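# Structure assessment
Read off the chains here:
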Amino acid sequence: MSQAKFEKAVAIVQSLPKEGPIQPTQEEQLYVLLYLRPGLPAFSPYRRLQFYKYYKQATVGDVNTSRPGMLDFVGKAKWDAWKSVEGTSKEEAYAKYVEKLIEILKRADTEEAKKYIAEIEAA
């Protein structure tokens, strides 16, 4: 997976609205709700966890900080997600990030999603 495709995927993820047509499944939302405070919009923390861990692994490498304190629920969830991919190479993190986004875009099956997929494939 190329860095260009990864960077294009990052730009797309950062531009997606929280309440748009491209949403995670209920199972993916449940995963998020187990780690984050109930009541938060499901897609926003989902993006942070699923994409954050591969973004950090691709751009920083293995976790290089200590785990946040017990009252920092979001920080701990992000740290735990990043830690879960420790040892993953930069290239594999690029690929996982892009694959996860394409999976969600294909499931959305909208014209906007198809446009994003074409942009990633052309990068």
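Parameters and conventions
- Residues numbered from 1 in each chain as written.
- Predicted model: local features only at pLDDT ≥ 70, side-chain atom pairs only at ≥ 80, totals over all residues.
- Heavy atoms only, no water.
- Helix = DSSP H or I, 4+ residues; strand = E, 2+ residues; numbered from the N terminus.
- Buried < 20%, exposed > 50% of the residue type's maximum accessible area, 1.4 Å probe, protein only.
- Contact = heavy atoms within 4.5 Å.
- Areas by Shrake-Rupley, 256 points an atom, 1.4 Å probe, with all protein chains shown as cover.
- pLDDT = per-residue confidence, 0-100.
- Salt bridge = Lys/Arg side-chain N within 4 Å of Asp/Glu carboxyl O.
- Patch = residues over 30% accessible without salt bridge, like charges linked within 9 Å, V, L, I, M, F, W, Y side chains within 5 Å.
- Axes fitted to C-alpha atoms, helices over the stretch in contact; angles between N-to-C directions.
- Parallel < 35°, antiparallel > 145°, perpendicular 65-115°, else oblique.
- Left-handed = near helix turned anticlockwise from the far one by under 90°.
- Nonpolar A, V, L, I, M, F, W, Y, C, P; charged D, E, K, R; others polar.

### Some points on the overall build of the protein chain
Scanning the protein chain for helices and strands turns up 6 helices and 0 strands. Put simply, the protein chain runs from its N terminus to its C terminus through helices and strands in the order α-α-α-α-α-α. For the protein chain, buried positions account for 41% of its 123 residues. Considering only residue pairs separated by 6 or more positions, the protein chain has 70% of its internal contacts joining residues 24 or more positions apart. In the form shown here, the protein chain has an accessible surface area of approximately 6,900 Å², with 51% of it arising from carbon and sulfur atoms.

### A closer look at the confidence of the model for the protein chain
When the pLDDT values of the protein chain are averaged, the result is 79; 76% of them are 70 or greater. A low-confidence stretch, residues 29-43 (pLDDT under 50), is modelled with 23 contacts involving residues beyond four sequence positions or located in other chains.

### Looking at the pattern of salt bridges
Within this structure, the stated rule accounts for 8 salt bridges. The partner of Lys100 in a salt bridge is Glu103, with the nearest N and O atoms 3.4 Å apart. In this pair, Lys100 and Glu103 both sit in helix α5 (residues 90-108), 3 residues apart, roughly one turn of the helix. Close ionic contact of Asp109 with Lys114 constitutes a salt bridge, the shortest N to O distance being 3.6 Å. You can call Asp109 exposed: its relative accessible area is 52%. Residue class for Lys114 comes out partly exposed when judged on its relative accessible area of 42%. Through salt bridges that share partners, Lys8, Lys115 and Glu119 make up one connected network.

### A word on a nonpolar patch on the surface
A cluster of nonpolar residues, Met70, Leu71 and Phe73, forms a patch on the protein surface that exposes about 380 Å² of accessible area. The topology assignment puts Leu71 in the loop between α3 (43-59) and α4 (73-83). Look at Leu71 and you get exposed, because its relative accessible area is 68%.

### Observations regarding the packing of helix α1 (residues 3-15) against α5
Packed helix pairs are characterised by how far apart their axes lie and by the angle those axes make with each other. In the contact formed by α1 and α5, the axes pass within 9 Å of each other and the chain directions differ by 45°. On the basis of their axis angle, the class for α1 and α5 is oblique. Relative to α5, the crossing made by α1 is left-handed. Across from Gln3, Lys5, Phe6, Ala9, Val10, Ile12 and Val13 in α1, the residues of α5 making contact are Tyr94, Tyr97, Val98 and Leu101. Of the residues that constitute the contact of α1 with α5, the class distribution is 9 nonpolar, 1 polar and 1 charged.

### Structural notes on the packing of α1 against helix α6 (residues 111-122)
Where α1 meets α6, the closest approach of the two axes is 8 Å, and the angle between their N-to-C directions is 155°. Here α1 is positioned roughly antiparallel relative to α6, judged by the angle of their axes. Seen from above, α1 lies across α6 with right-handed handedness. For the pair α1 and α6, the contacting residues are Lys5, Lys8, Ala9, Ile12 and Ser15 in the first and Tyr116, Glu119, Ile120 and Glu121 in the second.

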